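Close look at the chain arrangement
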Amino acid sequence: MKMDFQMKEGGVCAPRGFSANGVNCGLNKDKNKNDLGMICSEAVCKTAAVYTTNKVKGAPILVTKAHLAATGGLSRAVIVNSKNANTCNADGEEKAQQMCELAADVLGIRPEEVIVASTGVIGQKLPIEPIASHVEELAAGLSKENHGKAANAIMTTDTVPKETAVSFTLGGKECTIGGMAKGSGMIHPNMATTLNFVTTDVAISAELIQKALSEIVKVTYNCLSIDGDTSTNDMVSIMANGLAGNQEITTENEDYEIFKKALYQVLMTMTKMLAKDGEGATKMIECTCAGAPDQDTAIIVAKSVIRSPLTKCAMFGEDANWGRILCAIGYAEAEFAIDRVAVDIASEHGCIAVCRNGAGVDFSEDEAKKVLEADEIYINIDLHQGEVQAKAWGCDLTYDYVKINGDYRT
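Reading the values: the criteria
Residues numbered from 1 in each chain as written. Predicted model: local features only at pLDDT ≥ 70, side-chain atom pairs only at ≥ 80, totals over all residues. Heavy atoms only, no water. Helix = DSSP H or I, 4+ residues; strand = E, 2+ residues; numbered from the N terminus. Rg over C-alpha atoms; globule rule 2.2 N^0.38 Å. Buried < 20%, exposed > 50% of the residue type's maximum accessible area, 1.4 Å probe, protein only. Areas by Shrake-Rupley, 256 points an atom, 1.4 Å probe, with all protein chains shown as cover. Lys, Arg positive; Asp, Glu negative; His and termini not counted. Charge placed at Lys NZ, Arg CZ, Asp CG, Glu CD. Core = buried A, V, L, I, M, F, W, Y, C linked by side-chain atoms within 4.5 Å. Contact = heavy atoms within 4.5 Å. pLDDT = per-residue confidence, 0-100. Phe/Tyr/Trp six-rings, centres within 6.5 Å; stacked < 30°, edge-to-face > 60°. Pairing = 2+ DSSP bridges. Axes fitted to C-alpha atoms, helices over the stretch in contact; angles between N-to-C directions. Expected span 1.5 Å × (residues − 1). Polar contact = N/O pair within 3.5 Å; in protein donor to acceptor, adjacent residues only side chain to side chain.

**A closer look at the overall build of the protein**
On a plain count of helices and strands, the protein comes out with 12 helices and 15 strands. A compact globule built from 410 residues would reach a C-alpha radius of gyration of about 22 Å, and the protein, at 22 Å, matches this within 12%. Its C-alpha atoms give the protein principal-axis dimensions of about 70 × 55 × 35 Å. For the protein, with 410 residues in total, the buried portion stands at 57%. Accessible area for the protein stands at about 16,200 Å²; split by element, carbon and sulfur atoms hold 48% of it. Both charge centroids of the protein, one from 38 positive and one from 54 negative side chains, sit 2 Å from each other.

**Some thoughts on the nonpolar core**
Grouped together as the largest cluster of nonpolar side chains are 76 residues, with contacts concentrated most on Phe-168, Phe-259, Leu-267, Ile-329, Val-343 and Ile-381. Setting aside its immediate chain neighbours within four residues, Phe-259 contacts Phe-168, Ile-177, Thr-200, Val-202, Ile-204, Ile-209, Ala-212, Ile-238 and Ile-249. Counting 26 residues, the second largest nonpolar core, distinct from the first, contains Ala-96, Cys-100, Ala-103 and Leu-126.

**Some points on the confidence of the model for the protein**
Do not read the predicted coordinates in detail wherever pLDDT is low. Across the protein, the average pLDDT comes to 91, with 92% of residues at 70 or higher. Counted against residues more than four places away or in other chains, residues 185-193, with its pLDDT under 50, gives 49 contacts.

**As for unusual backbone geometry**
Phi is positive for Cys-88, close to 65°, though the residue is something other than glycine. Tracing the chain through its elements places Cys-88 in the loop between β4 (74-81) and α2 (92-107). Given the relative accessible area of 55%, Cys-88 is considered exposed. In this structure, Asn-357 takes a positive phi of about 55° despite not being glycine. Tracing the sequence through the fold places Asn-357 in the loop between β12 (350-356) and β13 (359-360).

**Description of the packing of aromatic side chains**
Evaluated as defined, the whole model comprises 2 aromatic pairs. Between Phe-5 and Phe-168, the aromatic rings sit 6.0 Å apart at their centres with planes inclined by 85°, giving edge-to-face as the arrangement. Residue Phe-5 is located in the segment before β1 (6-7), and its partner Phe-168 is located in strand β6 (residues 162-170); the two are separated by 163 residues in the primary sequence. Exposure remark for Phe-168: the relative accessible area of 2% places this residue in the buried category.

**So, the pairing of β6**
Taken across its 9 residues, β6 has 7 buried, putting it largely inside the fold. When β1 meets β6, the two strands line up antiparallel, connected through 2 bridges. Directly across from Met-7, in β6, lies its bridge partner Val-166. As defined by bridge partners, β6 adjoins strand β7 (residues 173-182) across 9 bridges and the pair is classed as antiparallel. Bridging across to β7, Phe-168 finds its partner in Cys-175. What sits between β6 and β7 in their antiparallel hairpin is a turn of 2 residues, with Gly-171 showing a positive phi close to 55°.

**Points about the sheet that holds β12**
Here we have 6 strands laid out as an open sheet, ordered β13-β12-β11-β14-β10-β15, and mixed in their pairing. Edge positions in the sheet fall to β13 and β15 (388-395), since each of these pairs with one other strand and no more. Of the strand pairs in this sheet, β12 and β13 are connected by 2 bridges, and their pairing is antiparallel. Paired with Arg-356 across the strands is Ala-359, a residue of β13. Lying on the sheet, helix α11 (residues 365-372) is in contact with β11 (342-347), β12 and β14 (376-382); it crosses β12 at an angle near 120°.

**Comments concerning the side chain of Asn-89**
Within the secondary structure layout, Asn-89 lies in the loop between β4 and α2. Take Asn-89: its relative accessible area is 14%, and that puts it in the buried class. Sequence-distant contacts of Asn-89, that is, excluding residues within four places in its chain, are made with Gly-123, Gln-124, Lys-125 and Leu-126.

**Considerations on helix α7 (residues 254-276)**
For α7, spanning 23 residues, the distance from its first C-alpha to its last is 33 Å, which sits close to the expected 33 Å at 1.5 Å a residue. Measuring from the backbone nitrogen of Asp-255 back to the side-chain oxygen at the start of α7 gives 3.2 Å, which picks out Asn-253 as the cap.

See below:
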């Protein structure tokens, strides 16, 4: 099976037929920061999405779900704002629908073909006037070159925009998947995380694009935890316009497997970007759990370590306190024998063994300190009870996390 993936520039505009833009409409008082974004496809897209499982759901989530149900999973555009989450408001759905109607009017499409999303403060009414007065400017600036402006428009406490794209071949046709994401805090997903928009020019059925997205989200975004909070507005969507010209993927054949591998590359790359840019973070942490009897066990154990506050604090302090790691493994809600477990801590500066057969082993504290000075830390666990492995991603827990969230609203 040929799986030669090439990284590309352009984010959501890297695939054929997609354009994007972002502007400041006034929701954000900082005029250097965009707060309104748009993505548009030349052709109708097969569209799939996964959403937050929080019982409190942002109004845009409810409207987007209704639109995709009404169209049978078809869309043409995305409109998204930051600074205001449009959540827990009596007029929330009305405002979200108005955003879709505004976008549809300037693009000449149906409101039901618009995906809508919002991110920011919960519980504040969203003023529609700034959006209405800037939507024509937003649409007029749509281009392949303005993907960065759209990525900037969805940032909240993010310190950097998050974009990626890969190209690959299906049946002799060059195909591309691109994406942009936002997220820095309030990230502990279950079925989705943050706001993530993915585009592709691959021709694929609506059923299979939903199946692929759901499966890949399980081993990427759902394995990310910054702070243990599942947001109200989390969504991952993917739009496929088919303009690559490949034979449409309608069965789980070799082309489908290649597509899934490429989608994994995009979602995994953005997951790591989100982990590295966690609020106040100084280190990205990747935990691999190998030797598991099944995928669910591997995921549960890896996520248990990543979301452990004490482990995250130890990584911030560059303290090889492996007992915190083993503690987090021990309370993972899965069945395995703890007395077979091995743990290593690694980085670009080296690798140290800290635990074998569920017990500590001697290691150099000086060497451990050097390993933990890196800004990317790898915790490698082997359960020695199977052949399956999974990864989870997160970051350290720092003083700045508390500072950022102490006055997030005010």
